Structures are given as C-alpha cells and as structure tokens.
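Structure at a glance
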Amino acid sequence: MTTSVSSPPAAPAPETSIGGPARPGNPLAPRGGRRRRILLRLLALAVLSALWEIAARVTRNPTFIPSPGAVWHQLIQTSTVHDGLRGYSGHLLVEHLGISLRRILIGSAIGVGAGLIIGVVMGTVGWIRVVTEPVVTFVRALPPLAYFSLFIIWFGIDETPKLWLLAIAAMPPVAVATASAVQSAPTGLIEAARALGAGRWQVTRDVVLPSSLPEIFTGIRLAVGVAYSSVVAAETINGVPGIGGMVRDAQRYSQTDVVVLGLFAIGLSGLLIDALLRTAENRLIPWRGRA
C-alpha cells in the first residue's frame, strides 16, 4: 500500500505590479502610493508657507524676511510690463532665467564633456591618474569665486569668463565619478572581451562605459547641481540680464523679495532639470538598481 506525502502549501508570492515589484522607485508602482507622496509634498509645502508667513508677520521687517505675498507681487511685476517698466532692469523674469539656463547648459556641457574624457583616461591609464588626480581634487576644492577673478583678467567681463567658470565647476564631479566607475568595471567581462580579440578602445567602448553609466549619470547630476550653485557667482560681474545677476543687483538695493524670487526661480528650474536627467537616466539605464 502506498501513501502520498502532501507537500506544504507554497508561500504566497509577493504582490507585484506590472513590470516588477512595487517599490518606491518603480514607475509602475500603485497609484495610491503616488497620490500619498503628492499629498505629503503638498502638505509640507503648505506648512512651510504658513511658517514663512508667520515669521514675516512676527519680524515685521520686509527687508529681513519678505512675506509670501510680497514675493508673489514681485513675480507679477517682473513677469509683466507695468507702468512702462518691463520686468526687472528692462528684462522679464523668464528672460533672466532663460539667459542663465543657456549659460548653465553651455557651461555644464563643456564641463561634462571634459570630465568624461579626463575620467576615462584617468580610469584606464594608471600613470595619468597619478598625475591628474591631485589636480582634479585641487580644482574641486576651490570655491568658484577663487578663480573667477582670474578668468575676468584673462577674458574680460563678457560671456567667456562666465562659461569658463561654470565649465570648470562642473568638470571635477564627472571626472571623479567616471574614473571611479571605469576602474571598478567588471574584470571578468573585460577579460572575456579581450579573449575574443577586442582591442583596448573596443573594450572601453563596449564593456567599460556601459557598466559605468550609472555612476557617470550620478556625476553628471552632481555637476549640473554645482553649475546651478555657481551661476550667481558667474553673473556677479555684468550678469544682467541673468537670474543670478538679477539676484546680485537686487541684493545691492536690499530688495529681499526680488532676491527670494530669484532663488525660487533657480531652485525650481534646477528641480525640473534634475527630474529630466533622472528620466533620461531611467530610460537609458533601465537595469540600474536591479539585481
């Protein structure tokens, strides 16, 4: 007589959404989680606005802490033509922001391109890394204003020193991230590619760079952030039109509401650019964060 041994019931599989497990970074996560995050962010924004209004009312000094209403009024004033006056210093807010974004885009592109080249060379050629790594670290440690004066002496007060400043500020994060990623590329894949007859450039192009893309994108996001934080310094001299120049000019005349408006414009546009970079990263590197 035979007896059957019944196996214990299998544990229920974890709930997944279409396209993989439902985790915070998954674009196909349940809509309830997205709504919850949006509501939390809106609530935090409302609380911060209320605290800001309370602080402005308590201090009663608009030069020290302007009220949200005063900043909103400046947003309207600088975005329209009012009583014959066009925006701030003859340029609308969107024009100031657009010129600064163009400078940031060009400077960041130059810095990122140079950082990628330097990082790849540093990661693949040992003696070049020994020579260039202290230089890159030295430049990364310098505050932007430390070498901006030198660029003004060399290139004058036109666009060139501003672009140089943003490019130099954006280069070290990309170079360091790229060099570190290239050095830590999977040795097994490199050896396999070489065994199949791939040359040094082919190994770098087809194996090393694809495996390094996640860290490289992190360096690019850091570089753009550094360029954004340097735009006010870049536009210190002859920066109007430009959002950083507008902030600097308003600071001279103690127009705190205009300064706060400019900071909001820089910060919100920075959030938008970072969101675009993260979207590009998710599309170009879909395997990031997966086992």
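Per an unreviewed UniProt entry, the protein chain goes by the name Putative ABC transporter permease protein and belongs to Actinoplanes missouriensis. UniProt lists a comment for the protein chain under the heading Subcellular location (unreviewed entry), and it reads "Cell membrane".

Here the focus is the pattern of salt bridges. This structure, assessed with the given rule, holds 10 salt bridges. For Arg-102, the salt bridge identified is with Glu-159, shortest N-O distance 3.5 Å. Taken together, the residues span a long stretch of sequence, with Arg-102 in helix 3 (residues 93-124) and Glu-159 in helix 6 (residues 159-183) at a distance of 57 residues. Looking at Arg-102, the relative accessible area reads 40%, which means it is partly exposed. Its salt-bridge partner being Arg-252, residue Asp-249 comes within 3.7 Å of it at the nearest N-O pair. Residue Asp-249 and its partner Arg-252 are located together in helix 9 (residues 243-252), separated by 3 residues, close to a single helical turn. One continuous salt-bridge network, built from bridges that share partners, spans Arg-102, Arg-103, Glu-159 and Glu-235.

On to the packing of helix 3 against helix 6. In the contact formed by helix 3 and helix 6, the axes pass within 5 Å of each other and the chain directions differ by 35°. Here helix 3 runs over helix 6; the crossing is right-handed. Of the residues that constitute the contact of helix 3 with helix 6, the class distribution is 18 nonpolar, 9 polar and 4 charged.

Next up on the list: the packing of helix 9 against helix 10 (residues 256-284). As a packed pair, helix 9 and helix 10 sit with axes 8 Å apart at the nearest point and diverge in direction by 160°. In terms of their interaxial angle, helix 9 and helix 10 are classed as roughly antiparallel. The way helix 9 lies across helix 10 gives a crossing that is left-handed. Contacts from Ile-243, Met-246, Val-247, Ala-250 and Gln-251 in helix 9 reach Val-258, Val-259, Gly-262, Leu-263, Ala-265 and Ile-266 in helix 10.

What counts, and at which threshold
Residues numbered from 1 in each chain as written. Predicted model: local features only at pLDDT ≥ 70, side-chain atom pairs only at ≥ 80, totals over all residues. Heavy atoms only, no water. UniProt positions renumbered as here; feature names shortened; annotations may be inferred. Salt bridge = Lys/Arg side-chain N within 4 Å of Asp/Glu carboxyl O. Helix = DSSP H or I, 4+ residues; strand = E, 2+ residues; numbered from the N terminus. Buried < 20%, exposed > 50% of the residue type's maximum accessible area, 1.4 Å probe, protein only. Axes fitted to C-alpha atoms, helices over the stretch in contact; angles between N-to-C directions. Left-handed = near helix turned anticlockwise from the far one by under 90°. Nonpolar A, V, L, I, M, F, W, Y, C, P; charged D, E, K, R; others polar. Parallel < 35°, antiparallel > 145°, perpendicular 65-115°, else oblique. Contact = heavy atoms within 4.5 Å.

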